[in-house]
Amino acid sequence: ASKSLEIMAGIIDRNEFLRSQVKGGNIEKAYKRTNGNNRIILESGAEVRVVAATADSSRGLTADCVWIDELRHVGTEALDAVKSTTLTRPNSQRFYTSNAGFKDSHVLNDMRERSLNKPPVSVGYYEYSAPTFLKIDLNSKAFWEGVAHANPALGITVSKEAIAESISTSSHESIMTELLCLWVSSLQSPFPPGSI
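Residues numbered from 1 in each chain as written. Predicted model: local features only at pLDDT ≥ 70, side-chain atom pairs only at ≥ 80, totals over all residues. Heavy atoms only, no water.

### Quick notes on the pattern of salt bridges
A side chain of one charge can pair with a side chain of the opposite charge when the charged atoms of the two come close. Our working rule: Within this document, salt bridges are pairs made up of a side-chain nitrogen of Lys or Arg and a carboxyl oxygen of Asp or Glu, the two lying within 4 Å of each other. Here the term buried applies to any residue with accessible area under 20% of the maximum for its type, exposed to any over 50%, and partly exposed to those in between, with areas from a 1.4 Å probe on protein chains only.
Scanning all chains against the criterion turns up ten salt bridges. The shortest N-O distance in the salt bridge between Glu47 and Arg49 comes to 2.9 Å. What makes Glu47 partly exposed here is its relative accessible area of 35%. Glu70 is the salt-bridge partner of Arg72, the closest N and O atoms lying 3.9 Å from each other.

### A look at the pairing of strand β5 (residues 93-97)
Across a regular strand the side chains alternate sides, sitting on one face of the sheet and then on the other. Where we set the bar: Here, any two strands with at least 2 DSSP bridges between them count as paired. Note on conventions: DSSP H or I runs of at least 4 residues are helices, E runs of at least 2 residues are strands, and numbering of each starts at the N terminus. Viewed with both strands pointing away, a crossover whose connecting path from the first strand over the helix to the second turns clockwise is right-handed.
Where strand β4 (residues 65-69) lies against β5, five bridges are found, and the strand directions are parallel. Its bridge partner being in β5, Ile68 is matched across the sheet by Tyr96. In this view, the connection linking β4 to its parallel neighbour β5 by way of helix α4 (residues 76-83) has right-handed handedness.

### Side note on the nonpolar core
This is how it is decided: What we call a nonpolar core is a set of buried Ala, Val, Leu, Ile, Met, Phe, Trp, Tyr and Cys residues that are connected through their side-chain atoms within 4.5 Å. The contact rule is simple, with two residues in contact once any of their heavy atoms fall within 4.5 Å.
Ranked by size, the top nonpolar core spans 17 residues in total, and within it Val147, Ile163 and Leu180 carry the most contacts. With four residues, helix α6 (residues 141-150) is the largest single contributor of residues to this core. Setting aside chain neighbours within four positions, we find Ile163 in contact with Trp144, Val147, Asn151, Leu154, Val158 and Leu179. One finds Ile68, Ala78, Val107 and Leu108 within the second-largest nonpolar core, a separate group that totals ten residues.

### Comments concerning unusual backbone geometry
If you check the backbone angles, Glu70 has positive phi at about 55 degrees while not being a glycine. Mapped onto the elements of the fold, Glu70 is located in the loop between β4 and α4. With a relative accessible area of 29%, Glu70 lands in the partly exposed category. Located in the positive-phi region is Asn91, a residue other than glycine, with phi close to 55 degrees. Counting through the fold element by element, Asn91 comes out in the loop between α4 and β5.

Geometric descriptors of this kind do not, in isolation, establish any biological role.
What follows is the structure, given as structure tokens:
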């Protein structure tokens, strides 16, 4: 969490438009590095905070916008706690991003199922994933088209070479979830799919 805020501070410091929106127009004045209370203070008095996704880390906070990354690793208690941070704020928003989940990704799996079957009108669900039974074949046009479904930045910020290198050094389950954004039943299986 702290590293994410450090990256944001660096981006702000390199961008005049963003830097003008932080306290005093100076990231050094605006960026508070107090252990457990790291934040960037904006000129308006609003703050950007990064907190861990635990059941207690967001309790007592209020937020206009919440972004939870890697929802596949977030537990029910942590999600319930963060939902309450936006309840009293008008026009608040929550964003959840993640790779595909696995059998223990209860929060992500439940949210995906509800979003696909009976989504509330206030929910927008967007999934970028390869076709379910995509065959990994670096020489196949269909494979690269499937990779592009899961990686919309392919050819822009993600190169084919980076994808190929990752495939050559990763487990099948990791390729499925991390690169192709496909759900797998287990990340611990000793047997590659189709071997039995």
